[in-house]
Amino acid sequence: MPIVHLDGLNISLDKFNEVADGKYNIGQLKLSEDGKSVYRTNNHKTWTIFNSTKISPEESLAIKQAFCNALSNEGLAQDKIDYVKRSLGIFGSKLELLKFGNIKPLSAAEVREIIDMYAGEINAKRMSAAKGTEAAKLLKTSADIYHGVSKKTMEDRETTRGRINARTLDKIKTGADWSVNRLMDILEYPKNGGTVSEETKGIALEFCLAMQSKPTLLTRGNRSIELEDAFIKLKLEYNDKISADIGLGGGRVFNIDTGLTKSELHALMRKVAGLPEKIEETGNERKVGAKDVKERNKKLLEDLSLLFELVNDQDAYNAEVSEVAANLKPRNGLKLTEEDRLNHAKLKWRDKNMDPIVTKLSMALTEARGFDDRNVKLVNDVREVCYGNKVIDAKKLLDDISDVLFKKPADPKKSAHAGRNADPLKNVDDAKLKNQIDDLGENLNINAILNGN
């Protein structure tokens, strides 16, 4: 099963529309294993005993957000997107939503109702973009799908659907993940009377001990720290705030923005752990000279070359992941399934082997030529190679990176890592790819390499 970052879902509105066109439209939407689509589950009308598939609040939040993103991608105005979010119960911070348990699975009926509401406007935009109805792919509405069905029949179906969905929700209710709850306990510590579990204190203490042993953690030279007991990876974002990637069951990764700086989070963790509040923190690493920069960049290219060799050796990769899985500590309070253990091992492998190099590369490229869109392309091409993209010429990619780091002028005729990438705006697939990546986040086509693809 692939590693899926719930914040990086990219699902088309047509797919949402497709799964909400059933006769009764009973059931809720669940994410496909690869995180690229959704399907309707708990949709039995007669054998309702089988309507028992659980959908976590984290997954439900991600699917609802992906639905809103799909509407936004169709050009729907922000005030209408906000209205949809309120209707779906996701207008607010993740912490508040998860804390009060307000996140229910997205039902097919809700999708149908919302798409019907805005289909006219969206179809008009599609027709305008296609310059004619024949070329436009229009959304089907209830009027199209249920043409000829009487009003009485539709009302009967609605009654049946409502009754079954209500019973299903009672059976499939699930709380936030153990690690998510522990992090929420820490972030809510000032508001909850200072009472937390021993497990939560242990997580805070692990963080504090790590900061004590290596003060440069969560700085621009060393952007992340992984808390083993809770499978939480804390990351320094480029706004100097700390976010958390939380490993869930089934290979899902859920992100929470703590809203805190490193020093603020450290102070909070010390309070939770019961340690003195005074913190002595060191700054970033010393400033380096031109010679140091040259040596550092040379080492970066060597490490990158070795990484490319490793991802091309599937046997070596599988052996490393198996070793990581064998040494994983059991999650505090919960038992790990073999599938969870393997998925967490894949995440840890990526964290150890790819993420640090990608972070160093991004910083080195920015240092070499400032904030430049071409840096984004290079960084994401590195990720694509690591995910198993054989179209990109890895050797040429290394040469292009070397040219930037060592100040060689770019040759436009040789800048493409593969022929199809010479001018991505002339290629539909590349244009779509460009829309799917973001500067310093994960590529939406996540971890193909970690799944043997």
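First, a word on scope: everything that follows refers to the structure included in this document. (Residues numbered from 1 in each chain as written. Predicted model: local features only at pLDDT ≥ 70, side-chain atom pairs only at ≥ 80, totals over all residues. Heavy atoms only, no water.)

1. With respect to the environment of proline 105
For proline 105, the location among the structural elements is in the loop between α4 (94-99) and α5 (108-130). The class for proline 105 is buried, based on a relative accessible area of 11%. Among all residues touching proline 105, those that are not within four sequence positions of it are Gln28, Ile55, Ser60, Lys64, Glu110, Leu169 and Ile172. (Helix = DSSP H or I, 4+ residues; strand = E, 2+ residues; numbered from the N terminus. Buried < 20%, exposed > 50% of the residue type's maximum accessible area, 1.4 Å probe, protein only. Contact = heavy atoms within 4.5 Å.)

2. Looking at the packing of helix α2 (residues 57-73) against helix α3 (residues 78-88)
Running from amino to carboxyl end, α2 crosses α3 at an angle of 160 degrees, the nearest separation of the two axes being 10 Å. Put simply, α2 runs roughly antiparallel to α3. Like other packed secondary-structure pairs, α2 and α3 cross with a definite hand, here right-handed. Of the residues in α3, those in contact with Lys64, Gln65, Phe67, Cys68, Leu71 and Ser72 of α2 are Ile81, Val84, Lys85 and Leu88. Broken down by class, the residue content of the contact of α2 with α3 amounts to six nonpolar, two polar and two charged. (Axes fitted to C-alpha atoms, helices over the stretch in contact; angles between N-to-C directions. Parallel < 35°, antiparallel > 145°, perpendicular 65-115°, else oblique. Left-handed = near helix turned anticlockwise from the far one by under 90°. Nonpolar A, V, L, I, M, F, W, Y, C, P; charged D, E, K, R; others polar.)

3. Quick look at the side chain of arginine 182
Inspection of the secondary structure puts arginine 182 in helix α8 (residues 178-187). The exposure class assigned to arginine 182 is buried, which follows from its relative accessible area of 14%. At a separation of 3.1 Å, a polar atom in the side chain of arginine 182 contacts the side chain of aspartate 185. The contacts of arginine 182, once residues within four sequence positions are left out, are Ser197, Glu199, Thr200 and Ile203. (Polar contact = N/O pair within 3.5 Å; in protein donor to acceptor, adjacent residues only side chain to side chain.)

4. A closer look at the pairing of strand β6 (residues 242-247)
A large share of β6 lies buried, amounting to six of its six residues. Burial along β6 is two-sided: the residues Ile242, Ala244 and Ile246 and Ser243, Asp245 and Gly247 are all buried. Across five bridges, the pairing between strand β5 (residues 232-236) and β6 is antiparallel. Within β6, the residue paired with lysine 235 across the bridge is serine 243. The turn linking β5 back onto β6 is made up of five residues, and aspartate 240 within it adopts a positive phi angle of 70 degrees. Pairing of β6 with strand β7 (residues 252-260), which is carried by six bridges, proceeds in the antiparallel orientation. Paired with glycine 247 across the strands is valine 253, a residue of β7. In this structure, the hairpin formed by β6 and β7 is closed by a connection of four residues, where glycine 250 is found at a positive phi of approximately 75 degrees. (Pairing = 2+ DSSP bridges.)

5. Regarding a nonpolar patch on the surface
On the surface, a cluster of nonpolar side chains totalling about 410 Å² of accessible area is made up of Trp47, Ile49 and Phe50. Take isoleucine 49: it is sitting in the loop between β3 (38-41) and α2. Looking at isoleucine 49, the relative accessible area reads 61%, which means it is exposed. (Patch = residues over 30% accessible without salt bridge, like charges linked within 9 Å, V, L, I, M, F, W, Y side chains within 5 Å. Areas by Shrake-Rupley, 256 points an atom, 1.4 Å probe, with all protein chains shown as cover. Salt bridge = Lys/Arg side-chain N within 4 Å of Asp/Glu carboxyl O.)

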